[in-house]
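Here is what each chain is made of, one letter per residue.
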Amino acid sequence: DKANYRHFMAKEIHEQPEVVGHTLARYVDMASERVSLPVKLPFDFKDIQRVTITACGTASYAGYVAKYWFERMARLPVEVDVASEFRYRESPLRKGDLAIFISQSGETADTLAALRYAKAEGAHTLAVVNVPTSTIARESETVLQTLAGPEIGVASTKAFTCQLMVLASLAVAAGKARGELSEEDETKLVHGLVEVPRLMADALTTELQIEKLAHRIAKSRDVLYLGRGTSFPLALEGALKLKEISYIHAEGYAAGELKHGPIALIDETMPVVVIAPHDRVFEKTVSNMQEVAARGGNIILMTDAKGAAEATVDSLVTIVMPDMASAFTPMVYAVPVQLLAYHTAVVMGTDVDQPRNLAKSVTVE
Ligand code: F6R
């Protein structure tokens, strides 16, 4: 039931502080401030030399974010692939490699086929799934459940942020096991994770501003999303969300790639959404933003108070996000990204929960 919301998608966006909080409580021991996985892993992260992450669509973008986390916190090389490519490429896996599969439904045909392939190759298989009775959950060696609850809207929202919470916890556990993170590092990171649900609730307060902005976005033919670091996969997710529910063409790019092609598209008619928390790569993103502004591009900047003060461009709109430890920004910045797609679709009058040509669970390849 939609409670008091107009669409399931709106309800599911608003539920995120709660369900991400439930997921956090399953993976982190608040009392000891340690990550504590609900299952014992059948391998030691110290022995793992390579990780592959395979998924489709939004779940694959959660995988891309996780790549940054695993590589930084655990110094563990990660390859991310969409399942439809991974399964037919016959990618060489070594016995004992770790293959992670991410799926809300646990029934996506390509992801399931990739899982079966990895199993046959002798890899350890670990699934991050929302439906614990699903085929992918049943067939994986290890299951880490997301506690998003049933997701009805076709566009994935709360499943995505819960996937990120599980993957963030797993990356911290990996960093700890591999000796790349000290106890002190872990405590700090756990503090950062514990803050996330409250920060997501703060992020929801941008909704009125975003609703207004949606009227302008709805008049555009194309929208460009830019981000660096973990904000890059979020730019991909923002573009996917917008196109699938509002039918407005959108593209996500790594901000540094702008001058290698897409900058040719910039004019005053194409809004550019820049996702730029004040993190290690913030200044680099600002210089890309200046390139956009210099060509008459209209910028929608999602950043925190510090970023807003330092960004020296005239942006069309700045969406000021809460201050936070930078490692886990994607979970919090997902909120305005989802809201922007949602409200634009509402303005366009599309069928938000059941967009044309799409199914919730893609059980054919
Ligand atoms: C986009 C979306 C899809 C799914 C993809 C994978 O909003 O919902 O891209 O993320 O079809 O589905 P699952 O996670 O069920 O494997």
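Residues numbered from 1 in each chain as written. Predicted model: local features only at pLDDT ≥ 70, side-chain atom pairs only at ≥ 80, totals over all residues. Heavy atoms only, no water.

- In the annotation of an unreviewed UniProt entry, the entry for the protein reads Glutamine--fructose-6-phosphate aminotransferase [isomerizing], and the organism field reads Bradyrhizobium iriomotense.
- If you open the UniProt record of the protein and go to Function (unreviewed entry), you find "Catalyzes the first step in hexosamine metabolism, converting fructose-6P into glucosamine-6P using glutamine as a nitrogen source." (UniProt positions renumbered as here; feature names shortened; annotations may be inferred.)

Brief notes about unusual backbone geometry
Here's step 1: A positive phi angle, close to 50°, is found at Arg-75, a residue other than glycine.
Here's step 2: Secondary-structure assignment places Arg-75 in the loop between helix H3 (57–74) and strand S4 (78–82).
Here's step 3: Positioned with a positive phi, Glu-90 is a non-glycine residue whose angle comes to about 55°.
Here's step 4: With respect to the helices and strands, the residue Glu-90 is situated in the loop between helix H4 (83–89) and strand S5 (98–103). (Helix = DSSP H or I, 4+ residues; strand = E, 2+ residues; numbered from the N terminus.)

A closer look at the sheet that holds strand S7 (residues 142–145)
Strand pairing in a sheet relies on backbone hydrogen bonds. The paired strands run either parallel or antiparallel.
Here's step 1: In space, the 5 strands of this open sheet follow the order S4-S3-S5-S6-S7, with parallel pairing throughout. Looking at strand neighbours, the two that pair on one side only are S4 and S7, the edges of this open sheet. Each strand of the sheet is rotated relative to its neighbour by a mean of 20°, with strand direction disregarded.
Here's step 2: Pairing geometry for strand S3 (residues 51–55) and S5, over 4 bridges, is parallel. In the sheet register, Thr-54 faces S5, and the bridge partner there is Phe-101.
Here's step 3: Sheet contacts for helix H5 (residues 109–120): S3, S5 and strand S6 (124–129); angle to S5, the most-contacted strand, approximately 165°. (Pairing = 2+ DSSP bridges. Axes fitted to C-alpha atoms, helices over the stretch in contact; angles between N-to-C directions. Contact = heavy atoms within 4.5 Å.)

Concerning the packing of aromatic side chains
What describes a pair of aromatic rings is the distance from one ring centre to the other and the angle between the planes of the rings.
Here's step 1: Scanning the model with the defined rule gives 4 aromatic pairs in all.
Here's step 2: Aromatic pair Phe-43 and Phe-45: ring centres 5.2 Å apart, planes at 90°, arrangement edge-to-face.
Here's step 3: Classification of Phe-43 as buried rests on a relative accessible area of 12%.
Here's step 4: Here Phe-86 and Tyr-117 contribute two aromatic rings whose centre-to-centre distance is 5.8 Å and whose plane-to-plane angle is 80°, an arrangement assigned as edge-to-face. Pair noted here: Phe-86 is in helix H4 and Tyr-117 is in helix H5, with a separation of 31 residues, a long-range link. As far as burial versus exposure is concerned, Phe-86 and Tyr-117 are alike and both buried.
Here's step 5: Pairwise contacts between aromatic rings join Phe-43, Phe-45 and Phe-70 into one cluster.
Here's step 6: The ring of Tyr-247 carries Arg-356 above its face, with NZ or CZ at 3.8 Å from the centroid. (Phe/Tyr/Trp six-rings, centres within 6.5 Å; stacked < 30°, edge-to-face > 60°. Buried < 20%, exposed > 50% of the residue type's maximum accessible area, 1.4 Å probe, protein only. Lys NZ or Arg CZ within 6 Å of the ring centre and 35° of its normal.)

Topic: helix H11 (residues 282–294)
Here's step 1: Counted at 1.5 Å a residue, the expected span for H11 with its 13 residues is 18 Å, and the 18 Å between its end C-alpha atoms agrees.
Here's step 2: For H11, the set of buried residues is Phe-282, Thr-285, Val-286, Asn-288, Met-289, Glu-291 and Val-292.
Here's step 3: Elements that come into contact with the buried residues of H11 comprise strand S8 (222–227), strand S10 (271–275), strand S11 (298–304) and helix H12 (305–310).
Here's step 4: Phi turns positive one or two residues past the end of H11, at Gly-296, with a value near 80°. (Expected span 1.5 Å × (residues − 1).)

Describing the pairing of S5
Here's step 1: Of all the 6 residues making up S5, 6 are buried; the element is thus mostly covered by neighbouring parts of the structure.
Here's step 2: By the bridge criterion, 6 bridges tie S5 to S6 in an arrangement that is parallel. Bridging across to S6, Ile-102 finds its partner in Val-128.
Here's step 3: Crossover connection from S5 via H5 to parallel S6: handedness right-handed. (Right-handed = clockwise from strand over helix to strand, strands pointing away.)

What about the packing of helix H2 (residues 16–27) against helix H7 (residues 158–177)?
Here's step 1: Closest axis-to-axis distance for the H2/H7 pair is 9 Å, and the angle between their directions is 25°. In terms of axis orientation, H2 runs roughly parallel to H7. The crossing of H2 and H7 is right-handed. Across the interface between the two elements, Gln-16, Val-19, Val-20, Thr-23, Leu-24 and Tyr-27 from H2 touch Lys-158, Thr-161, Cys-162, Met-165, Val-166 and Ser-169 from H7.
Here's step 2: Looking at side-chain class alone, the contact of H2 with H7 contains 7 nonpolar, 4 polar and 1 charged residues. (Parallel < 35°, antiparallel > 145°, perpendicular 65-115°, else oblique. Left-handed = near helix turned anticlockwise from the far one by under 90°. Nonpolar A, V, L, I, M, F, W, Y, C, P; charged D, E, K, R; others polar.)

Brief notes about helix H10 (residues 231–246)
Every α-helix winds through 3.6 residues per turn, so residues three or four apart in the chain are directed the same way.
Here's step 1: Its 16 residues give H10 an end-to-end C-alpha distance of 22 Å, which sits within 8% of 22 Å, the value for a rise of 1.5 Å per residue.
Here's step 2: Within H10, 13 of the 16 residues are buried, leaving the element largely enclosed by the surrounding structure.
Here's step 3: Positive backbone phi, at 65°, marks Tyr-247, one or two positions downstream of H10.

Comments concerning the sheet that holds S8
Here's step 1: The sheet built from 5 strands is open, its strands ordered S9-S8-S10-S11-S12 with parallel pairing. In this open sheet, the two strands that pair with only one neighbour each are strand S9 (249–254) and strand S12 (317–321). Ignoring strand direction, the axes of neighbouring strands in this sheet form an average angle of 15°.
Here's step 2: Bridge analysis of S8 against S10 gives 4 bridges, and the strand direction is parallel. The partner of Tyr-225 across the bridge, within S10, is Val-273.

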